[in-house]
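Examining the three-dimensional arrangement
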Protein chains: 2
Amino acid sequence: MAEFVNVAVDAMGGDNAPVEIVKGAIDAVNENHHVKVYLTGQEELINRELAKYTYNKDQIEVVHASEVIETAEPPVMAIRRKKDSSIVKALYLVKDGTCDAYVSAGSTGATLVGGQVIVGRIKGVERPPLAPLIPTEKGCSLLIDCGANVDARPSHLVQFAKMGSVYMESVMGVKNPKVGIVNIGAEEEKGNALVKETYPLLKNCPDIHFIGSIEARDIPAGDADVIVCEAFVGNVILKMYEGVGGTLIKKVKEGMMTSLRSKIGALLVKPALKNTLKAFDLEQYGGAPLLGLNGLVVKTHGSSSSIEIKNSILQCITFTEQDMNQKIKEKITMEEN
Amino acid sequence: MAEFVNVAVDAMGGDNAPVEIVKGAIDAVNENHHVKVYLTGQEELINRELAKYTYNKDQIEVVHASEVIETAEPPVMAIRRKKDSSIVKALYLVKDGTCDAYVSAGSTGATLVGGQVIVGRIKGVERPPLAPLIPTEKGCSLLIDCGANVDARPSHLVQFAKMGSVYMESVMGVKNPKVGIVNIGAEEEKGNALVKETYPLLKNCPDIHFIGSIEARDIPAGDADVIVCEAFVGNVILKMYEGVGGTLIKKVKEGMMTSLRSKIGALLVKPALKNTLKAFDLEQYGGAPLLGLNGLVVKTHGSSSSIEIKNSILQCITFTEQDMNQKIKEKITMEEN
C-alpha cells in the first residue's frame, strides 16, 4: 500500500462543528484508504463523535487542542495568542511535516493569516490567493483571488494566473487552461487602472494561455478556466453566485406553489430539477485552496456539511500526489529569471 | 391638459433599432398622453416604421440625423466628430431645453461622455453615476454606480449615496431609503482602501439613512434600497445578475426536459413560473439613469426590446414631474456648506 496522504482537519471550525466535520473525515477515510486525517480540537467532544462510526483506526488520529478561534476574533491577534487552538495546532502539523495539507471550515481570517505566518509562503510567491472552484455550464472554473489580498498589484495578478493554471492543469486535469481577467468590457483599453496595467503583462506571459478580458456575465457560461481578479471583485463574484442562485431557486419554488396545477407539475419535475441544480451547488466542489504556501491549506464554507468536508479532504490527495507546490515553485521561479 | 414631458429618443441605438425603438415610443405615447417623443435618426427609416402604427401625431416628432455612432467607436472622438449623429442630436435637444430627458439603447460610452460634455453636470456633482434598478425579493434596489467612473474616490461615493437616495425617494416612492455600501464583510474594519475611507464619511452623513456594509450575497434579498459601489464592482454585480440568472434559468429548463414525466410537469408549472420569473427580469425596470446632469439621461440595454424603451420613456415622466434635478442640486449643495 502506498504511504498515506496526511491531512490536518480543524474539527472545531464552522457552524456545524464538530458533528459534520467528524462525519466528513469518517466518510473520506472510508472512501479512500490512502488518506489519514488528524482531527484537531477538544479530544472529548471529537471522540464522542468518532464513537458513532465504524472506520479504520489507523486512518484517524485525534490531536487535542483546548482553545477555539471564533470567526469574529481579529485573526492576527488570535493566531498569536491562541497557541493551543484547533487552527494553530493543525497548521503546525503541516509546518512540521506531519501533514501535507490542512482543511478548516473555521475563521477565514485566521486560516489566511495562519497559513502565511505558520505554514509560510513558497519562495517567490508575493501573495497567496484563495481560489475556489465555481460551477459553470461546462463544469467548473477557478476564481482566483477571493481571499484577503485586497488592493492587489499587477504582479500579484500575474502570479495568480500562473498558480491558477497549474492548479487547473494538475488537479482538475484541464489541458492548457484558458486564463481570463475580469473586466467591464471585452476591449483591451477598457477597465480600471489595475486591469489596464495587468492586461499587457498577462498578454506577454509565455507560460499561460491568456484569452483576454472576461465580462462577469460570461463567467457562469464557463468561457475561461482560470478567472483572474483582485480579492474584492472575486468576493463579490462568489457571493453574487450564492445570492442570485439562492434567490432565483427560492422564486422558482414559490412560483411552483401558486396553483394546484403548478403544484402537481412541481411534483413531476422535482427529481429531474434536483439533479440539474446539484451541478450548480457550490458545496459539491469542496473547499477553496489557499495557493502558494509550503503545504496545502484549504478553506471550506463556514456552513460546510460533511459532504464538503469529505470532498475537501479528498481534493488534498490529488493536490499532494500531483506535487502541485513543486510545480508552482517552478512556474513562479521561471518568472523571476 | 398639462404640458408635455418631452423626451428625446435615439432611434438608431441598440441591437434592435429602429424597429423596437419606434415601437417602444409608439407604446409610450399611446399609454400616456402627457409625453411627447422626439425620435432622432434617419428620417426615412423612422417614418417607414411609424407608418405601421396608429397614434396621436402631436406626440411624436422626427428629428433627422444622418450619422450613427457605433458601439465599438471610441466615445470621446465619436461625440466630437459625429455632430449629425442620432445621439448628439438627441443630447442637444436636452441641452437647448426642447427636451427634458434623453433615452438611448446605443453606445454606453457615447451616452456617458455626451451626457457630461453636451448636457453638462449639475454644479457641485463631481461624477455623474449610472444607476440601474435591479430586481430583488422585496421589489427593486438602485445600484449606483455601474458607469464609466472607475477608480472613484470616497467623495464620489458619498455623492452617489445622496443622489441615489433622492432617486429612490422621489421616483420610486421609497420613504427614507436604506443605503448600504458593497463590502466583503459586515464589519466596519473590513474592505479595501476605498471602502474603509468611505464608510465613516457615509456614517457621518446626516441626510441619508446609512445601514452600513452590504455583502454581495445579500443584494438580491433587497436588504438595501440604494447600493453604493464604484463602477467596476457595480458592473460586475449587474453582469453577474444577468449571467447567473440566465444560466440557472437555462439549467431549470433543461432539467425539465430530461424525462417524459418532467416534460408533463413542465407544461403544468410553466404559466406560474413565467409570472414569478418576470419579476426578476432586468428589462421590466426600464433603463438606467445617468444622475447629476442638467436633464435626465437614460441608458437602456443594447438588446432593448420595445418594452424596455417604453418603460424608460415613462420613467422620464416621473423624474421630470418630481423635479429630481432640483432635489439633487439641493442635497449636493447642502454637503458643500
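Look above for the structure.
Residues numbered from 1 in each chain as written. Chains lettered and ligands numbered in written order. Predicted model: local features only at pLDDT ≥ 70, side-chain atom pairs only at ≥ 80, totals over all residues. Heavy atoms only, no water.

**Quick notes on the overall build of chain A**
Convention followed: Helix numbers and strand numbers start at the N terminus; a helix is a DSSP run of H or I with at least 4 residues, a strand a run of E with at least 2. Each radius of gyration reported is based on C-alpha atoms, and the globular scaling rule is 2.2 Å times the count of residues to the power 0.38. Throughout this description, buried means an accessible area under 20% of the type-specific maximum (1.4 Å probe, protein chains only), exposed means over 50%, and partly exposed covers the range between. Residue contacts are counted whenever heavy atoms from the two residues lie within 4.5 Å of one another. The Shrake-Rupley method, run with a 1.4 Å probe sphere, supplies the accessible areas, and residue values consider only the shown protein chains as cover.
Across its full length, chain A carries 11 helices and 11 strands. Against the 2.2 N^0.38 benchmark of 20 Å for 337 residues, chain A shows a C-alpha radius of gyration of 21 Å, consistent with a compact globule. Dimensions along the principal axes, computed over C-alpha positions, put chain A at roughly 70 × 60 × 40 Å. Here chain A holds 337 residues, and the buried ones make up 58% of them. Taking as baseline every contact in chain A between residues at least 6 positions apart, the subset at least 24 positions apart corresponds to 71%. For chain A, the exposed area adds up to about 13,500 Å²; of that, 51% sits on carbon and sulfur atoms.

**What to know about the relation of the copies chain A and chain B**
Applied cut-off: Least-squares superposition of the copies uses the C-alpha atoms of those residues scoring a pLDDT of at least 70 in each of them.
For the pair chain A and chain B, the superposition axis carries a translation of 0.0 Å, the fit reaches an RMSD of 0.1 Å, and the rotation angle comes to 180°. Classification of the inter-copy transformation places it as that of a two-fold axis. Minimal C-alpha distance to the rotation axis in chain A is attained by G265 of chain A, lying at 1.9 Å. Taken together, the interface assignments show that 100% of the residues at the interface of chain A recur at the interface of chain B, consistent with an identical surface on both copies.

**Overview of the sheet that holds strand β3 (residues 60-64) of chain B**
Residue and element names in this part refer to chain B. Defined as follows: Following DSSP output, two strands are said to pair if at least two bridges run between them. Interaxial angles span 0 to 180 degrees and are taken between N-to-C directions of axes, which are lines fitted to C-alpha atoms, for helices over the stretch in contact.
Taken in spatial order, the 6 strands of this open sheet run β3-β2-β1-β4-β11-β10, and their pairing is mixed. Two strands bound the open sheet, and with one partner strand each, they are β3 and β10 (288-290). Here the strands of the sheet are splayed against their neighbours by 25° on average, with no regard to which way each runs. Pairing of β10 with strand β11 (residues 296-299), which is carried by 3 bridges, proceeds in the antiparallel orientation.

**So, the sheet that holds strand β7 (residues 178-183) of chain A**
All names here are of chain A. One open sheet holds the 5 strands; their spatial order is β5-β6-β9-β7-β8, and the pairing between them is mixed. Looking at which strands have only one partner, the edges of the open sheet turn out to be β5 (133-136) and β8 (209-215). The sheet shows a mean angle of 30° between the axes of neighbouring strands, direction not considered. Where β5 meets strand β6 (residues 139-144), 4 bridges bridge the pair, whose relative direction is antiparallel. Across the sheet, residue I134 finds its bridge partner in β6, namely S141.

**Considerations on the interface of chain A and chain B**
Definition in use: Once two parts are joined, some of their accessible surface, as seen by a 1.4 Å probe, is lost; buried area is that loss totalled over both. In the sections that follow, a salt bridge refers to a side-chain nitrogen of Lys or Arg positioned within 4 Å of a carboxyl oxygen of Asp or Glu. In protein, a polar contact means a hydrogen-donor-capable atom and an acceptor-capable atom, both N or O and within 3.5 Å, with residues adjacent in sequence counting only if both atoms are side-chain atoms; elsewhere, any N or O pair within 3.5 Å suffices.
Each partner contributes residues to the interface: chain A has 50 residues there, and chain B has 50 residues. Together, I184, F232 and M240 of chain A form the three largest contributors to the area buried by chain A at its contact with chain B, with a combined 14%. For the interface between chain A and chain B, the tally reads 6 salt bridges. Of the charged contacts in the structure, one is a salt bridge between E242 of chain B and R217 of chain A, with a shortest N-O distance of 2.9 Å. Applying the counting criterion to the chain A and chain B interface returns 14 residue pairs in polar contact (both at pLDDT 80 or more). Of all the elements in the fold, those that place two or more residues in the side of chain A that touches chain B are β7, α7 (193-203), α8 (231-256) and α9 (260-278) of chain A.

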